[in-house]
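Here's the letter readout for the chains.
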Amino acid sequence: MKETIVNTNHSHGPASFQGEDRDYFNTVMAHVIEKNPGEPEFHQAVAEVLGSVIPYVNQNARYKQAKILERLIEPDRIVIFRVTWEDDTGCVQVNRGYRVQFSNAIGPYKGGLRFHPSVSLGTFKFLGFEQNFKNSLTTLPIGAGKGGADFDPKGKSDHEIMRFCQSFMTELARHIGKDVDVPAGDIGVGAREVSYLFGQYKRLNNRFTGVLTGKGIEFGGSLIRTEATGYGCVYFIQNMLQHVNQSIEGKIVVISGSGNVAQYAAEKAIQLGAVVVTLSDSSGFIYEPDGLTQEKLDFVKALKLKGGRIKAYVDQFPSAQYYDGQRPWSIKCAIALPCATQNELNETEAKQLVENGCIAVGEGANMPVTPGATSVFLDAKIAFGPGKAANAGGVAISALEMTQNSMRLHWTRDEVETRLKSIMMSIHEQCVAFGSTPNTTYVNYVDGANIAGFRKVADAMIAFGIL
Ligand code: NDP
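What counts and how
Residues numbered from 1 in each chain as written. Predicted model: local features only at pLDDT ≥ 70, side-chain atom pairs only at ≥ 80, totals over all residues. Heavy atoms only, no water. Helix = DSSP H or I, 4+ residues; strand = E, 2+ residues; numbered from the N terminus. Rg over C-alpha atoms; globule rule 2.2 N^0.38 Å. Buried < 20%, exposed > 50% of the residue type's maximum accessible area, 1.4 Å probe, protein only. Contact = heavy atoms within 4.5 Å. Areas by Shrake-Rupley, 256 points an atom, 1.4 Å probe, with all protein chains shown as cover. Lys, Arg positive; Asp, Glu negative; His and termini not counted. Charge placed at Lys NZ, Arg CZ, Asp CG, Glu CD. Near = heavy atom within 4 Å. Polar contact = N/O pair within 3.5 Å; in protein donor to acceptor, adjacent residues only side chain to side chain. Phe/Tyr/Trp six-rings, centres within 6.5 Å; stacked < 30°, edge-to-face > 60°. Lys NZ or Arg CZ within 6 Å of the ring centre and 35° of its normal. Pairing = 2+ DSSP bridges. Axes fitted to C-alpha atoms, helices over the stretch in contact; angles between N-to-C directions.

### Points about the overall build of the protein chain
Argument step 1. Within the protein chain, the secondary structure is distributed over 17 helices and 12 strands.
Argument step 2. For the protein chain, whose C-alpha radius of gyration is 21 Å, the value lies close to the compact-globule estimate of 23 Å for 467 residues.
Argument step 3. If one aligns the C-alpha atoms of the protein chain with their principal axes, the spans along those axes are about 60 × 55 × 45 Å.
Argument step 4. Per-residue burial for the protein chain yields a buried fraction of 58% across its 467 residues.
Argument step 5. The contacts of the protein chain with a sequence gap of at least 6 include a subset with a gap of at least 24, amounting to 72%.
Argument step 6. Carbon together with sulfur atoms contributes 50% to the accessible area of the protein chain, which is approximately 18700 Å² in total.
Argument step 7. Looking at charge distribution, the protein chain has the averaged site of its 46 positive side-chain charges lying 5 Å from that of its 48 negative ones.

### Observations concerning the site of the ligand
Argument step 1. Around the ligand, 25 residues are found, and the nearest of them are Asp186, Thr229, Ser282, Arg309 and Asn366.
Argument step 2. Within the side chain of arginine 225, an N or O atom sits 3.1 Å from an oxygen atom of the ligand.
Argument step 3. The backbone of asparagine 260 places a nitrogen or oxygen atom 2.9 Å from an oxygen atom of the ligand.

### Some points on the packing of aromatic side chains
Argument step 1. With the rule as written, the count across this model stands at 26 aromatic pairs.
Argument step 2. Cluster of aromatic residues (ring-pair linked, three or more members): Phe81, Trp85, Phe115, Phe151, Phe164 and Phe168.
Argument step 3. Geometry around tryptophan 411 places arginine 419 over its ring, the cationic atom sitting 4.0 Å from the centre.

### Thoughts on the sheet that holds strand β4 (residues 144-149)
Argument step 1. Strands sit in the order β1-β2-β4-β3-β5 across an open sheet of five strands; the sheet is mixed. One side of each edge strand has no neighbouring strand; the edge strands of this open sheet are β1 (77-86) and β5 (181-184). Sheet twist, expressed as the mean angle between neighbouring strand axes with direction ignored, is 20°.
Argument step 2. Where strand β2 (residues 92-103) meets β4, six bridges bridge the pair, whose relative direction is antiparallel.

### Focus on the environment of alanine 173
Argument step 1. Mapping alanine 173 onto the fold places it in the loop between α6 (158-172) and β5.
Argument step 2. For the pair alanine 173 and valine 300, spaced 127 residues apart in the sequence, the C-alpha separation amounts to 34 Å.
Argument step 3. Leaving out residues up to four positions away in the same chain, alanine 173 has contacts with Tyr201, Leu204 and Asn205.

Here's what the structure looks like:
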C-alpha cells in the first residue's frame, strides 16, 4: 500500500506551526486519516491545503466556529458503480466507476473523468478536493467534482472504448446534468471518449444540453478548450516571471508527459520563444537539446493520437536521445513543467533542479510535485505555481464552454484565448494578494492559491447556514 506523504522537516507549512495552529492541524489530519484509511493521496492533498489555511482560519473565528474545514474535507456525495461491457472477443468485462461530488457551494459540480487502471476512491477524493479550490480561483461559478474508472484505454479498440463509455454513461447519466454536475476529460479521457459519453447521454435523455465539456466543436465544444490547460499553465509561468522582471523568451523548459496538457504547454512555450527540450511518458523521456519545433510537436500529437510511445520520437528525429525508464528532471533548465501525473517529481529531483538553476516551476498536472519537493522549491524561493492555480485554465475554459452552451452561441478563438489570458492573470493576482511576503517581491503561491481559493467557498458555505 502507498504511504501518506506529509511534510515534516521544513520551515513553512505544517512543520512550522506552533500552539493553536499545530493543535488544529493535528486534530483535523488525525480525523482525515482515521476516516479515510488507505487514501494517502487524499491525506496529502488535505495536508497541503491545511498547511496554508489553518493560521488564516484561526485568525477568522467565524470559519472555525462554523467548522468550515471539517465540512470541506467531507464530499457532498460519492457514487460508486459497476460498469459492465463486452470486449471484441465477446468476453464480459467488469470495471468500477466513480463520481465524487465534492462541493456545489459556488456552482454545479465540475471536474474531469479519469480512465486509468491505477485509480481508486482516494484518487478521486484527492482530485475533487483540489478541484474545489482551483475552481474557486477561476472566478467562475463552478463547484467541484471528479470521477472516472479503473478502465485502461491502452490497447483497446475504438469499439471497445465506445462500448465502455456507453456503459459508464448509462449509470452516470442519472447523477449529472447541466445545472447539477458537468464532467470533462482528464487522463485517458480525451475528445474521442467525451464524444462517446456525450452521445450516450443525449440518447438516454433525449436532450441536447451542455452536460459535458471538452465536446467536439461541431456539437457545442469551445474553441481553445483542448489547448487551455497547457496554454494556461504557460501564461501562469509568464505572469510569475513578469512579477520578478523576468521573461520566458529564450528560457530552457523541461516538460514531463506527452498527453493533452504537456503538448499544449510545449506549444505555447515554443510560441513565446522558449526552448522546450523534453517530453515523456510512463516509459521514459526524450531529450531534444536544440528544442522542439512546432513541426516536431505535431509529430508527437499525431503519434499520441494513435496510441504511440514517446520513444518513437528518436527514430523520427535522430537529433534527440531517449532515456528509458527515467524522468526528465536531471536535465538543466530554467523552467520545469510537470504535466503527467501525481507525485512525479520528488525531493531529490527538486534539489537537482534548483542546483541546475531552475527559477520557475508550474504544475500542469494535479499534485505532480511531492510535499518534500514543494518545500525545496519554497525554501529556495523560486517561483512555484501549484496546480490549483497553474493548471486552472482547462476548467476555466470548460466553464466558458458551459456559458456558450447556455447562450447557444460560439465565441471565436481569439475571444476565448483573450479570456483565458485574463483569467490566468486574475488567478495570479489572487495568489499575490494572499501569498506575498511584506517588503519583498517573493510570493508563496501555495499559500496564495490555497487561501484565496478557500475564502470564496468558505464565505458561500457560511451564507447558506448549517448544511
Ligand atoms: P493524458 O492522458 O492526455 O496524458 C497523460 C500523460 O501522462 C501521458 O503522457 C502519460 O503517459 C503520462 N502518465 C500518466 N500516468 C503516468 C504515470 N503513472 N507515470 C508517468 N507518466 C504518466 O492526460 P492529461 O494531459 O489530460 O492530464 C495530465 C495531468 O494534467 C493529470 O494530472 C490531470 O489530472 C491534469 N490536468 C488535466 C487537465 C485537462 O484539461 N486535461 C486539466 C487540469 C489538470 P502514458 O501514455 O505512458 O500513460
